[in-house]
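Results of the structural survey
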Amino acid sequence: MKPHLKREEKAGPPAPVAAGPADPLRGQKETVVRWVLRLCALVSVLGLFLMVIFLFRESLPAWREAGAANIFSSEWSPDKGKYGILIFLVGTMAVSTGSLIIGAPLALGTAVYLHAYAKPSWKRFIGRGLEVLAGVPSIILGWLGFTTLVPLVRRFAGGTGMGILPASIVLAVMILPTIATIARDSLEAVPKAFAEASLSMGATRWQTLRRVTIPAAWPGILAAVILGLGRALGETMAVAMVIGPATAFPKNLITPTHTLTTKIMLEMGESTGVHRSSLFAMALILLALSMFLIWLVRRLSAKTIKGTSGGAFYC
Amino acid sequence: MRGYSRTIAKPEINTSEAGLKNGNGWRGLLEKKAARAAARARWAERVASFIFRTSAAVSLVVLAFIIGTILARGLGTALDPSFLFGKPQALKEGGGIGPMLFSSLYLTLLTSVIVVPLGVGAALYLAEFSREGRLVRLIRWGTESLSSISSVIFGIFGMVFFVIYLRFGYSLLAGALTLTLMNLPTVMRVTEESVRAVPGSYREASLSLGASRWETTKKVVLPAALPGITTGVVLTMGRIMGESAALVYTVGIFVRKIPLSPLQPAAPMAANIWHIYTEGALIPDWMRVASGEAAALLVLVLFFNLAAGALAGIIRKKMGIMN
């Protein structure tokens, strides 16, 4: 934004000149209201800072007594003073990559269908369906994965049926609505005239999508995928119910393993001292990861139309 | 916007055998090339169309499978009043989920009471009472970051801050405050969107009559934005209802009696399913209890989801807003 434009950016018209029967306290009242609302708005910032401070404080013993070299190693056995989180980091990466491989094409296909192919009635129906899917609690998806997917994998692939594959499938379902709705919104945000110009030149729908609409919406589509990734990184319950758990590097896609979130969830209740503290260190690393992703999305959104991208962050 | 037009313009080239044969020299060659390109494009279009339609169909089938399976397995149990309102059992068969159902509703209400005023206030500040500047940028950054954080991290933060540091103990209040932080970004976003959608002329009319900014916001902007805000809030309530990871270490996962005070521990349904999963072997009929509880939870969440849209419609009608 150019600095000399700042004045015009303020919300709404300027405050009016006071008129009518004067309320002597009116000015003060406005100030009080403004401050109260400002405090409300600052709660989110305050909450974020408190979270970072408290997670850091709790993880301090781990950094101090175990040290970063120990924490970023591959051996986890708290009894022997080994707090390597590499297993869980690998688990998290594997599971979220897997969910993207399965979920992202499906979600992007759905988004393109909704944008360019669906009749209005189907568009509304499937859009509503995506909202409902986004609302299905993760514990229910985990339970469903545990009772249907795991036996299925066990039957066809052997072993316990738990591991990265079922976790990726469950996560793919979870991130599907996130990616699909945000990608659809960014496709819809491309000015209609672009597509119309292409279609009127005789291009097919696919040619139009490939050469015009998708390139124009690309930063938004990328942001959608990254936000899906962020959701996959942080998901806990659904993954915990289908991934094993076991503290070992995954040998293949169907051996039990752990992710950062599932390790935190399962051991927070029964750990003390440096062990507990190292769980907080994991949480801090996860927090840093997701804030990095948000920063990435922000960079991408800066490339799209200003002001329309704000909504994408929260989904 | 409607889907792209279904008719594909065919190039004005005679692609019949005779037409291609009759063209001599360069002209014929070009026409042949163009015809081939057009054929290829039509073929690609068919393949693309098939792929996109299939992915949408798969998404829909997945949703239907989830809802269908959960309800088929648990709805019979869930609809039995002796289960839905019954006392839970830790070691015997035949337990119900009465206290869990109550905990879920209690927690959802308690969280909404805190998060809605806070979120609406914050959004009003951003949309009506502030100018783009360092402070607003900081607030937006904080809100975006907060919305990206995993729920289990909210959970353990709630544990160290509300449960231990502020000495609330495992309690509904600690859980509600944790969920407040977690859902604040959503409430802020839906409110800000609805408030920004109110036409500027409304504000100008009110301000020109001498109303102050707060009076305008209170009497003109907020009522006009109410349908949108309501939808968002009810959707958020559905999300709160289904949350589990943030509650295991703040509220609790199993109780025998209905919690009355917000300072008592409780066991919302979603968290209780986790309890059954981890320590289910103790309950002989754990499969029945968990399936029933999952179905009950899903029905509640779906209800909130569907109510969200309907409620906005009712409010619109009552207030006589046409759009």
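About the criteria used
- Residues numbered from 1 in each chain as written.
- Chains lettered and ligands numbered in written order.
- Predicted model: local features only at pLDDT ≥ 70, side-chain atom pairs only at ≥ 80, totals over all residues.
- Helix = DSSP H or I, 4+ residues; strand = E, 2+ residues; numbered from the N terminus.
- Rg over C-alpha atoms; globule rule 2.2 N^0.38 Å.
- Buried ≥ 20, exposed ≤ 12 C-beta atoms within 10 Å, placed from the backbone.
- Contact = placed C-beta atoms within 7 Å.
- Core = buried A, V, L, I, M, F, W, Y, C linked by C-beta atoms within 7 Å.
- Domains from an automatic or database assignment.
- Nonpolar A, V, L, I, M, F, W, Y, C, P; charged D, E, K, R; others polar.
- pLDDT = per-residue confidence, 0-100.
- Expected span 1.5 Å × (residues − 1).
- Bend = angle between axes of the 7 residues up to and from the residue.
- Axes fitted to C-alpha atoms, helices over the stretch in contact; angles between N-to-C directions.
- Parallel < 35°, antiparallel > 145°, perpendicular 65-115°, else oblique.
- Left-handed = near helix turned anticlockwise from the far one by under 90°.

Observations regarding the overall build of chain B
- Counting its secondary structure elements, chain B contains eleven helices and zero strands.
- The order of helices and strands in chain B, counted from the N terminus, is α-α-α-α-α-α-α-α-α-α-α.
- For 323 residues, the compact-globule estimate of 2.2 N^0.38 gives 20 Å, and the C-alpha radius of gyration of chain B, at 28 Å, exceeds that figure by more than 25%.
- By residue count, 48% of the 323 residues in chain B fall in the buried class.
- The long-range share in chain B, meaning contacts at least 24 apart out of those at least 6 apart in sequence, stands at 72%.

Here's the deal with the nonpolar core
- By size, the foremost hydrophobic cluster in this structure holds 185 residues, and its most contacted members are A:I140, A:V170, A:L171, A:I179, A:A183, A:V242 and A:A283.
- With 16 residues, helix 4 (residues 98-128) of chain B is the single largest residue contributor to this core.
- Viewed by domain, this core spans two of them, domain 1 (17-61) and domain 2 (81-319) of chain B, each represented by three or more residues.
- Those residues in contact with A:A283 that lie beyond four places of it in its chain are A:L55, A:I264, B:I153 and B:I156.

Here's the deal with the interface of chain A and chain B
- Contacts between the two partners involve 90 residues from chain A and, on the opposite side, 90 residues from chain B.
- Broken down by element, the residue count for the side of chain A that touches chain B peaks at 21 residues, all from helix 1 (residues 26-71) of chain A.
- Each residue belonging to the side of chain A that touches chain B can be placed in one class, and the counts come to 56 nonpolar, 20 polar and 14 charged.

Topic: the confidence of the model for chain A
Residues and elements named next belong to chain A.
- When the pLDDT values of chain A are averaged, the result is 86; 88% of them are 70 or greater.
- Confidence drops under a pLDDT of 50 for residues 1-10, and excluding neighbours within four residues, the segment shows five contacts in the predicted structure.
- Between residues 305-315, whose pLDDT stays under 50, and residues either more than four places distant or in other chains, the model counts 23 contacts.

A few points about the domain arrangement of chain B
- Taken domain by domain, chain B holds domain 1 (17-61) and domain 2 (81-319).
- Centre-to-centre, using C-alpha coordinates, domain 1 of chain B lies 52 Å away from domain 2 of chain B.

Some words on unusual backbone geometry
- Omega for the bond connecting A:G244 with A:P245 falls within 30 degrees of zero, at -15 degrees, which places this linkage in the cis form.
- Topologically, A:P245 is positioned in the loop between helix 8 (237-240) and helix 9 (260-267).
- Even without being a glycine, B:R167 presents a positive backbone phi close to 60 degrees.
- Relative to the assigned elements, B:R167 resides in the loop between helix 6 (151-165) and helix 7 (172-197).

Some remarks on the environment of A:L86
All names here are of chain A.
- With respect to the helices, strands and loops of the structure, L86 is situated in helix 2 (residues 86-117).
- Judged by C-beta crowding, with 14 C-beta atoms within 10 Å, L86 ranks as partly exposed.
- Every residue in contact with L86, bar those within four places of it in the chain, is listed here: F72, S73 and S74.

Some points on helix 4 of chain B
Residues and elements named next belong to chain B.
- The end-to-end C-alpha distance of helix 4, which contains 31 residues, comes to 44 Å, matching closely the 45 Å that a straight helix rising 1.5 Å per residue would cover.
- In the structure, helix 4 departs most strongly from a straight axis at S112, where the bend amounts to approximately 25 degrees.
- Extensive coverage of helix 4 is indicated by the burial of 25 of its 31 residues.

Details of the confidence of the model for chain B
All names here are of chain B.
- Chain-level statistics for chain B give a pLDDT mean of 88 and a share of 90% at 70 or above.
- Confidence scores differ between elements of chain B, with helix 1 (residues 17-22) showing the lowest mean pLDDT of 56 and helix 6 the highest of 95.
- In the model output, the complex is listed with pTM 0.87 alongside ipTM 0.86.

Description of the environment of B:A296
Residue and element names in this part refer to chain B.
- Within the secondary structure layout, A296 lies in helix 11 (residues 286-319).
- Classification of A296 by C-beta neighbours within 10 Å gives buried; the count is 23.
- Among residues more than four places away in sequence, those in contact with A296 are A78, L84, I97, L101 and M269.

Side note on the packing of helix 8 (residues 200-208) of chain B against helix 9 (residues 213-242) of chain B
Residue and element names in this part refer to chain B.
- Here helix 8 crosses helix 9 at 160 degrees, and the two axes come no closer than 10 Å. As judged from the angle between their axes, helix 8 and helix 9 are roughly antiparallel. The crossing of helix 8 and helix 9 is right-handed. From helix 8, Y202, R203, S206 and L207 reach across to helix 9, where they touch T216, V220, V221 and A224.
- Broken down by class, the residue content of the contact of helix 8 with helix 9 amounts to five nonpolar, two polar and one charged.

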